[in-house]
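# Summary of structural features
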Amino acid sequence: MLSERSSLPGVVRIRAGLLAEPVAAKVASHAYVDSKASWWSIDDGLTQHPEGI
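Starting from 1, residues in each chain are numbered consecutively following that chain's sequence as written. With the structure being a predicted model, the display of local features is reserved for residues of pLDDT at least 70 and the display and counting of side-chain atom pairs for 80 or more, all residues being used for whole-chain, interface and lining totals. Excluded from the side-chain calculations are hydrogens and water; all other atoms, namely the structure's heavy atoms, are used.

## What about the environment of Glu51?
- The residue Glu51 is located in the segment after strand E4 (47-48) in this model.
- With 21 residues separating them along the chain, Glu51 and His30 place their C-alpha atoms 9.3 Å apart.
- Not counting the four nearest positions on each side in its chain, Glu51 is found in contact with Ala31 and Tyr32. Going along the chain from the N terminus, every DSSP run of H or I of four or more residues is numbered as a helix, and every run of E of two or more is numbered as a strand. By definition in these notes, contact holds between two residues if any of their heavy atoms fall within 4.5 Å.

This is the structure:
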């Protein structure tokens, strides 16, 4: 349900798929698009980063 990383002490991550409520956050950009599946099209007009941000 949640995870912790030794490289990020004090940070607990909760998987977004576990949220049952609507999320108000909007997608701002796409990262690592150079390694996306070839059949997945990203055509929403948002900034695309070949690697990380």
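## Considerations on a nonpolar patch on the surface
- Residues Met1, Leu2, Val12, Ile14, Leu18, Leu19 and Val23 make up a contiguous nonpolar surface patch of about 750 Å² in total accessible area.
- Partly exposed describes any residue whose relative accessible area lies between the buried limit of under 20% and the exposed limit of over 50%, with all areas from a 1.4 Å probe on protein chains only and scaled to the type maximum. Judged by its relative accessible area of 74%, Met1 is exposed. Patches were defined on residues exceeding 30% relative accessible area and lacking a salt bridge, with like-charge contacts within 9 Å and nonpolar side-chain contacts (Val, Leu, Ile, Met, Phe, Trp, Tyr) within 5 Å. With residues, only the protein chains shown are counted as cover, and all accessible areas are computed by Shrake-Rupley using a 1.4 Å probe. A pairing counts as a salt bridge when a side-chain nitrogen of Lys or Arg comes within 4 Å of a carboxyl oxygen of Asp or Glu.

## Some details on the packing of aromatic side chains
- Geometry of aromatic contacts follows a simple scheme: Phe, Tyr and Trp rings, the Trp one being its six-membered ring, pair when their centres are within 6.5 Å, and the pair is stacked under 30 degrees between planes, edge-to-face over 60, tilted otherwise. Counted under the stated rule, the structure contains one aromatic pair.
- Considering the side-chain rings of Trp39 and Trp40, the 5.9 Å spacing of their centres and the 70 degrees angle between planes classify their relative orientation as edge-to-face.

## Quick word on the environment of Met1
- For Met1, the position within the fold is in the segment before strand E1 (2-4).
- For the pair Met1 and Val23, spaced 22 residues apart in sequence, the C-alpha separation works out to 18 Å.
- Aside from chain neighbours lying at most four places away, what touches Met1 is Arg13, Ile14, Arg15 and Leu18.

## Notes on the side chain of Ser3
- Mapped onto the fold, Ser3 is located in strand E1.
- Assessed through its relative accessible area of 14%, Ser3 is described here as buried.
- Apart from the residues within four sequence positions on either side, Ser3 is in contact with Val11, Val12, Arg13 and Arg15.

## Some details on unusual backbone geometry
- Phi is positive for Tyr32, which is not a glycine, with a value near 60 degrees.
- Position of Tyr32 among the secondary structure elements: in the loop between strand E3 (29-30) and E4.
- Residue Tyr32 is classed as partly exposed on the basis of its relative accessible area, which comes to 49%.

Function cannot be inferred from these measures alone, as they are strictly geometric.
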